[in-house]
Amino acid sequence: MATLSDLQPAIVFKYFQELCNIPHGSGNIRAISDYLCSFAEEQGLRFVQDEAGNVIIYKPASVAGSEAGDSKEPLILQAHMDMVAVSVDDRDMTAVPIVPLIDGDHIYADGTSLGGDDGVGVAYIMAILASDDLVHPPIEAVITTDEETGMDGARALDPALLSGRRMINLDSEEEGHILAGCAGGVRVYISHDFGNVEPASGRVIRMDIYGCAGGHSGNEIHKRGANANVIAGVLLGKLCSVCDTRLIYISGGEVDNAIPKVAYLIAAVNGDITNEDLSLEISKTMDEIISRYSGSDPGMRIDMNIINSNGLHNAAETFNDRCMLSSAATREIADMFNDLPNGVIAMSPDVEGLVETSLNLGVITFEETKIKLQYSVRSSIEDDKAALIGRLRDIAEKAGAVTEVNGDYPGWKYRKDSKLRDCLEKVYRDMYGKEAVTEAIHAGLECGFFSKALPGLDCVSIGPDMQDIHTTSERLSISSTARSWDYLCRVLAELC
Ligand SMILES: [Zn+2]
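Predicted, not measured: the structure shown is a model, and the values here were computed from it.

About the thresholds
Residues numbered from 1 in each chain as written. Predicted model: local features only at pLDDT ≥ 70, side-chain atom pairs only at ≥ 80, totals over all residues. Heavy atoms only, no water. Helix = DSSP H or I, 4+ residues; strand = E, 2+ residues; numbered from the N terminus. Buried < 20%, exposed > 50% of the residue type's maximum accessible area, 1.4 Å probe, protein only. Areas by Shrake-Rupley, 256 points an atom, 1.4 Å probe, with all protein chains shown as cover. Lys, Arg positive; Asp, Glu negative; His and termini not counted. Charge placed at Lys NZ, Arg CZ, Asp CG, Glu CD. Domains from an automatic or database assignment. Contact = heavy atoms within 4.5 Å. Buried area = accessible area lost by both parts, 1.4 Å probe. Salt bridge = Lys/Arg side-chain N within 4 Å of Asp/Glu carboxyl O. Nonpolar A, V, L, I, M, F, W, Y, C, P; charged D, E, K, R; others polar. Donors = N, O, S within 2.8 Å, 3.2 Å for Na, K, Ca; no water. Axes fitted to C-alpha atoms, helices over the stretch in contact; angles between N-to-C directions. Parallel < 35°, antiparallel > 145°, perpendicular 65-115°, else oblique. Left-handed = near helix turned anticlockwise from the far one by under 90°. Expected span 1.5 Å × (residues − 1).

A. Inspection of the overall build of the protein chain at higher detail. Within the protein chain, the regular secondary structure consists of twelve helices and 26 strands. Along the first, second and third principal axes, the C-alpha set of the protein chain runs to 90 × 50 × 45 Å. A buried classification covers 53% of the 496 residues belonging to the protein chain. In the structure as shown, the protein chain presents an accessible area of about 20700 Å², 47% of it carried by carbon and sulfur atoms. Measuring between centres, the 41 positive side-chain charges of the protein chain sit 5 Å from its 76 negative side-chain charges.

B. Highlighting the domain arrangement of the protein chain. Domains assigned within the protein chain are domain 1 (4–183 + 412–494) and domain 2 (185–409). Between domain 1 and domain 2, the residue contacts involve 14 residues of the former and 19 residues of the latter. Together domain 1 and domain 2 conceal approximately 1200 Å² of surface at their shared face, both sides included; 62% is due to carbon and sulfur atoms. Per-residue buried area on domain 1 facing domain 2 is highest for A183, K413 and H442; these three make up 48% of the total on that side. Viewed at the interface, domain 2 and domain 1 are joined by two salt bridges. For K416, the salt bridge goes to D350, with nearest N and O atoms at 3.5 Å. Partitioning the side of domain 1 that touches domain 2 into residue classes produces nine nonpolar, two polar and three charged.

C. Examining the coordination of the zinc ion more closely. Within the protein, H80 (NE2), D117 (OD), D171 (OD) and D171 (OD) serve as the donor atoms for the zinc ion, at 1.9 to 2.8 Å. Spacing between the donor residues of the zinc ion along the chain follows H-x36-D-x53-D. With H80 in strand β5 (residues 75–80) and D171 in the loop between β10 (166–169) and β11 (177–179), this pair connects stretches of sequence that are 91 residues apart. When its relative accessible area of 0% is taken as the criterion, H80 is described as buried.

D. Representation of the packing of helix α5 (residues 228–242) against helix α8 (residues 327–339). Where α5 meets α8, the axes come as close as 9 Å, and the angle between the chain directions of the two elements is 130 degrees. Overall, the two elements α5 and α8 adopt an arrangement that is oblique. As for the relative orientation of α5 and α8, their crossing is left-handed in sense. In contact with N229, G233, L236, G237, C240 and S241 of α5, α8 contributes T330, R331, I333, A334 and F337. Partitioning the contact of α5 with α8 into residue classes produces five nonpolar, five polar and one charged.

E. View of helix α3 (residues 116–130). Over its 15 residues, α3 runs 20 Å from end to end, which matches the ideal 21 Å to within 8%, given 1.5 Å per residue. By the criterion of burial, α3 is predominantly enclosed, with 14 of the 15 residues buried.

F. The arrangement of the environment of G53 in detail. In this fold, G53 is placed in the loop between β1 (46–49) and β2 (55–59). Through-space distance from the C-alpha of G53 to that of G211 is 43 Å; in sequence the pair is 158 residues apart. What G53 contacts, discounting residues up to four positions off in sequence, is I29, R30, S33, M81 and T145.

Structural data, given as C-alpha cells:
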C-alpha cells in the first residue's frame, strides 16, 4: 500500500508525515511547537518561540541557493500548527498520532481527522524553509497556535517580530481561489432575569419548530434561511397578541455560530379565546412562516399542541415543576424578540454577493427565571460591528436585559488595490491560462488579526483542495497539493 513517502512533492509530504506523527489538537500544541523550533535549529535559521507557543522563523532571500541579500521586502508566510482533532471512537487525541492513508487522489486519516487544515500549510512553509533550490524574497514564517479555538496564537502575537507588510496565509481549502478579505466577529449574550415566577396555570401550549436547513452562521447566512430561534420569538409575539400569555419555557440552538434548526416554546394561555380560535389564529402565522421559507427550508415544520382545556390539572401533570413568567414579563420578552435584528444586515458594496455585516441568534436558553440569548455577530468593517453591538445593547437595555460581549476578533477588509493579489492572479493566469477566483468570505481568518496588527498589510490566503475539514471524513487532494506547491514556488520567485 502506498505511503506518503511515495508521493510528490516529496519534501512537502515528508514534513506532512512528520506533523502527523506528533499529536497536535488545539490546546495541545507544546510538542508541535517545540518540533518546529528544532526544525529551525537544524536548518540553521533564526527563530522565536513566544509565550503562546507561536513559532516565527526567518530565512534570508535566496536566488536558487545563493543568498540574495535582504534588500528585498520580506514576505510573511503564515499557517496554524493546531488542528481540530476528532476521532470516530473517542480515542485520546493527545496521545495517538494521525495515521494518514491514501485512497486514489486523496489522503485521509485512519479513524480521525487528518489535520490537512492546516498541516499542509505548515508543511509548505517547512519545505520552503528547507529548500535551497528556490528563488524567494526574505521569508518571515509565522506558525500560530490554537487557531481553531479562538485564534489565541494570532491574538497574542507581538507584531514587532515582523517587518514584512505583505503576507500569504496558507489556510484556505480551495485551489484556484484567492481569498482577499474576511469578516471579524464577536459573541454577544443578552440575558434577562425576571426574578419572579409563579406556578404554571391555565391551558398550556407547546410549539415546536424543527427541520430548518441550518448551516454555518458566516458562510450560509446569505441564503436568508429560517432561524428556528427567531421563529420561536415570532410565535411568542403572536400568542401575546391574541391572548394573555405567560412564558413557561423557550429554548433552541446549540452553538452561536450555527443557524439553529430546532427550537420550542411552552406557554400558559388564559382568557376567553377558545382552543379552536387560538389554533386558527396561530395556524395562520405558522402557514405564513412556512410559506415564506419554503424555498430555503423545504423541510421546516411547526407543531402546535394545546395541552387540553381543563388546563390546570394537565398542566400540573405535564409540567409539575414548571413555573411561568407574568404576562407583563412575557410581553417584554416578545417585544424584545420583535425589536432584535437577525440575519444579513448589509452586503458589501465592493464584492458582489458578499455579506458585509450579519448576526445570528444561535442559542436561547432558559433557566429558572433567566432567559439568555447568544448571538454571533460578524462584519468585515470594525465600526459596523461595533455599531451593531451597540444596537443590540440598546434594545436589550430598553427591555431591562444585560449585554455581555466576548471572543472578539477583527475583520480583514477587502482592498481594491493589492499588488500581492495582482501577482497571484498573474501567476495563476500564466500557469493555467484562466483566471483565479478572487473572493472574500463572511467568516473569520487569522488574517484579520494580522491586518489589524500590521497597518497597511497586503494579504491573501490560498491552499489546496480539502473536503470535510474538522471531521473524521477530512480529505486532502494529492494532485491539488502538488499543483498548489508549484504555484506557490512560482509566486515566490515572482515576488523577488
Ligand atoms: Zn485552518
